[in-house]
Amino acid sequence: MKIRFWGVRGSIATPGKETAKFGGNTSCIEVQCGDKLLIFDGGTGLRLLGNHFAQTDLHQAYIFFSHFHWDHIQGFPFFMPVYNPKNSFVLFGENKLANTLEETLSGQMAQPNFPVALKQLPGRLTFEHTESNAQFTIGNDITIQTCPLNHPSGATSFKITYKNKVFVYASDHEHTDKLDERLVQHSENADVLVYDSTYTEEEYYGVTGQSKKGWGHSTWNEGVKVAKAAKAKKFVLFHHDPLHDDKFISSIEKKAKKAHKDSIAAHEGLEIKL
Ligand SMILES: [Zn+2]
Ligand SMILES: [Zn+2]
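Residues numbered from 1 in each chain as written. Chains lettered and ligands numbered in written order. Predicted model: local features only at pLDDT ≥ 70, side-chain atom pairs only at ≥ 80, totals over all residues.

### As for the nonpolar core
So the rule is basically this: A set of buried Ala, Val, Leu, Ile, Met, Phe, Trp, Tyr and Cys residues, joined to one another through C-beta atoms within 7 Å, is what we call a nonpolar core. Any residue surrounded by 20 or more other C-beta atoms within 10 Å of its C-beta is treated as buried, while 12 or fewer makes it exposed and the intermediate range makes it partly exposed; C-beta atoms here are placed from the backbone. Residue pairs qualify as contacts under a 7 Å threshold applied to their C-beta atoms, which are placed from the backbone.
F167, L193 and V194 are the most contacted members of the largest nonpolar core, which totals 63 residues. When residues no more than four places from it in sequence are discounted, the contact partners of F167 are M1, I3, V31, I160, A190, D191 and V192.

### Description of the sheet that holds strand β6 (residues 124–129)
Strand pairs in the sheet, formed through backbone hydrogen bonds, run parallel or antiparallel to each other. So the rule is basically this: For two strands to count as paired, DSSP must find a minimum of two bridges between them. Put simply, DSSP H or I for four residues or longer makes a helix, DSSP E for two residues or longer makes a strand, and each gets a number counted from the N terminus. An axis is simply a line fitted to the C-alpha atoms; with a helix, the fit covers only the stretch in contact. Between two such axes, the angle follows the N-to-C directions and lies from 0 to 180 degrees.
Overall, mixed pairing links the seven strands, which are arranged β6-β5-β4-β3-β2-β1-β14 in an open sheet. On the outer flanks of this sheet lie β6 and β14 (271–273), each paired with one strand and no other. Each strand axis lies, on average, 20° off the axis of its neighbour in the sheet, ignoring direction. Helix-sheet contacts for helix α1 (residues 45–53) involve β1 (2–7), β2 (28–33) and β3 (36–40), and the interaxial angle to β1 is about 125°.

### Details of the pairing of strand β11 (residues 192–196)
To keep things clear, this is the line we draw: Handedness rule for crossovers: strands pointing away from the viewer, path from the first strand over the helix to the second running clockwise, crossover right-handed.
When you tally the buried positions in β11, you get five out of five residues, the bulk of the element. Here β11 shows two buried faces, one formed by V192, V194 and D196 and the other by L193 and Y195. One ladder, built from four bridges, connects strand β10 (residues 165–170) with β11; its direction is parallel. Its bridge partner being in β11, A170 is matched across the sheet by Y195. This β-α-β element, β10 to helix α4 (residues 181–186) to β11, shows right-handed connectivity. Here β11 runs beside strand β12 (residues 234–238); their pairing, made up of five bridges, is parallel. Residue pairing across strands places V192 opposite K234, the latter belonging to β12.

### Overview of the sheet that holds β12
Spatially, the seven strands line up as an open sheet ordered β7-β8-β9-β10-β11-β12-β13, and their pairing is mixed. A single partner strand is all that each edge strand has here, and the edge strands are β7 (135–138) and β13 (263–265). The mean angle between the axes of side-by-side strands here comes to 20°, regardless of whether they run parallel or antiparallel. With five bridges connecting them, strand β9 (residues 155–162) and β10 associate as antiparallel partners. Residue F158 lies in a different strand from β10, and its bridge partner there is Y169. Along the sheet face, helix α6 (residues 220–230) touches β11 and β12 and points at about 155° away from the line of β12. Lying on the sheet, helix α7 (residues 246–259) is in contact with β12 and β13; it crosses β13 at an angle near 170°.

Now the structure itself:
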């Protein structure tokens with residue numbers, strides 16, 4: 001299993017020299033399992049992944065959407081491989097609102113928001129509705145498990161198991177006062193846990209300004225609690241706040257490493273091989 005980060009920022013893309021080290025693109029992670037390519041979220045990082053994809057011999061991939069906030073879908077209309085009729089993609093997502101996955105994705109491409117409608121894309125798209133607490137397989141040897149997250153309009157965590165290696169993607173999520181036993185169980189023995197680490201505790205509880213409680217995101221401290229309870233090996237701080245520059249994220253990463261040795265703040269281009 002090979003994991004590569006193409007977008008690590010939350011909420012909105014943040015280009016600029018203050019964010020160049022960790023990167024300014026929004027949520028997008030590639031997970032390669034043998035010859036199959038799985039993509040988690042379609043934030044602006046998906047555009048870069050698409051440019052790379054076009055250089056390979058690949059013509060197929062599976063795209064999983066945690067939810068449909070802008071920072072998780074905005075790269076999709078700029079994902080060049082969907083404009084190639086030779087390519088086919090299976091899209092997965094759970095929509096807790098009234099619309100189907102297809103309707104939701106076509107919404108952001110409808111006039112006057114975007115000039116090309118989803119239905120006009122030459123690439124072949126198949127839509128698969130996912131449920132919370134579901135389990136299904138891709139090919140013979142990739143198992144996907146879902147777990148609901150605590151986020152406005154809902155979000156889904158995906159757990160991928162391939163050849164005894166386990167990857168868990170858990171963004172966007174707000175913790176509560178009690179440890180989320182469901183998420184702990186879902187993350188059990190993960191080799192990699194990617195967790196919504198948008199805020200510091202000071203920001204979350206309003207020590208350094210307006211409290212961010214109820215905004216749908218978590219802190220690395222809460223993520224480390226989940227990682228420790230689940231015996232997850234590598235803890236990845238993800239969904240960096242747009243207000244956090246490189247210096248600030250580096251300082252957070254240092255603190256996280258003290259709490260959980262194998263911690264890393266995700267940056268664009270980060271690769272983890274399992
Ligand atoms: Zn987000
Ligand atoms: Zn969100």
